[in-house]
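Examining the three-dimensional arrangement
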Amino acid sequence: MEKSKGISQILDKKVNYQSKYINKGDSSNIDNLNLNIRSSEEKIYLDIGEECVINATINMGNCNIKIGDRVLINNGTTLYSVNEISIGNDVMISWGCTIIDNNSHSIVSSERLKDLKNARKEYEKGILGENSDWSCIENKPIVIKDKVWIGFNSIIMKGVTIGEGAVIAAGSVVTKDVPNYAVMGGNPAKILKYTT
Ligand SMILES: CC(C)(COP(=O)(O)OP(=O)(O)OC[C@H]1O[C@@H](n2cnc3c(N)ncnc32)[C@H](O)[C@@H]1OP(=O)(O)O)[C@@H](O)C(=O)NCCC(=O)NCCS
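Here's a quick rundown of the structure. Keep in mind the model is a prediction, meaning the values are calculated, not measured.

To continue, consider the pattern of salt bridges. The tally for this structure, following the rule as stated, stands at three salt bridges. One salt bridge connects Arg 70 with Asp 90, and the closest N-O pair in it is separated by 2.6 Å. Residue Arg 70 is found in the loop between β6 (64–67) and β7 (72–73), and its partner Asp 90 is found in the loop between β9 (84–87) and β10 (92–93); the two are separated by 20 residues along the sequence. Under the relative-accessibility criterion, Arg 70 is labelled partly exposed at 39%. Across the salt bridge formed by Arg 120 and Glu 124, the nearest N and O atoms sit 3.0 Å from each other.

This is how it looks when you write it as structure tokens:
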């Protein structure tokens with residue numbers, strides 16, 4: 001598909017953050033947002049509410065990321081979506097976290113060879129991964145509900161729902177749903193206790 005001018009600008013990283021691809025509440029700060037959209041669909045990809053500070057790197061395929069109000073995402077955190085990541089209100093996500101709703105590549109070696117075939121050329125054009133065949137790559141939406149706190153260097157994997165008010169201890173790898181107000185930690189993360 002031929003790319004529109006707007007999408008080409010995004011691929012060139014000359015992003016106009018108030019573009020038709022992004023909704024942002026006027027009171028939110030995204031000065032240190034690093035946004036990479038690897039898709040040629042004409043749509044809104046990123047919806048940020050009011051009073052947020054979003055200092056993340058956000059890598060997006062043809063997906064939707066919805067961020068509520070009063071959300072803080074600290075430097076060094078990466079969101080990587082080809083499906084959907086939904087973040088509620090009053091959420092804190094510390095530094096060095098990764099929230100990824102997909103496997104990036106197939107677990108089947110013959111299918112991964114297709115990704116490698118054009119990788120160097122794509123990289124040189126700044127479009128690495130844009131031609132990946134996502135039909136053979138697992139992905140599932142991630143939901144992070146209101147009042148969640150995610151500790152530094154944590155990893156949130158595809159398909160996980162983190163319940164309201166839950167706390168993810170630093171350095172956790174979360175592969176399963178987290179109940180409301182649970183404190184989860186470890187790799188894979190397990191319930192440590194409950195809070196309020
Ligand atoms: C989640 C956290 C806040 C809980 O603190 P706490 O309530 O004081 O918990 P405790 O230190 O009493 O630990 C409770 C249990 O969880 C375990 N635990 C604590 N942190 C853990 C971690 N990161 N991974 C795995 N287990 C952990 C403890 O070993 C203890 O286990 P035990 O009951 O078997 O002895 C804290 O562990 C944490 O991760 N802090 C980092 C916060 C952060 O990311 N700050 C950056 C700025 S946003």
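Moving on from the model shown.
Read from one edge to the other, the open sheet built from six strands follows the order β1-β3-β6-β9-β12-β15, with strand pairing classed as parallel. Every other strand in the sheet has two partners, leaving β1 (22–24) and β15 (161–162) as the edge strands with one partner each. Taken together, the three bridges between β9 and strand β12 (residues 142–144) define a ladder with parallel strand orientation. Directly across from Ile 85, in β12, lies its bridge partner Ile 142.

As a further point, take the packing of aromatic side chains. Scanning all chains against the criterion turns up one aromatic pair. Ring geometry for Trp 95 and Phe 152: centres 5.1 Å apart, planes at 10°, overall stacked. Note that Trp 95 is positioned in the loop between β10 and β11 (98–100) and Phe 152 in the loop between β13 (149–150) and β14 (155–156), a separation of 57 residues in sequence. According to the relative accessible area criterion, Trp 95 is partly exposed, its value standing at 46%.

Cut-off values and rules
Residues numbered from 1 in each chain as written. Predicted model: local features only at pLDDT ≥ 70, side-chain atom pairs only at ≥ 80, totals over all residues. Heavy atoms only, no water. Salt bridge = Lys/Arg side-chain N within 4 Å of Asp/Glu carboxyl O. Helix = DSSP H or I, 4+ residues; strand = E, 2+ residues; numbered from the N terminus. Buried < 20%, exposed > 50% of the residue type's maximum accessible area, 1.4 Å probe, protein only. Pairing = 2+ DSSP bridges. Phe/Tyr/Trp six-rings, centres within 6.5 Å; stacked < 30°, edge-to-face > 60°.

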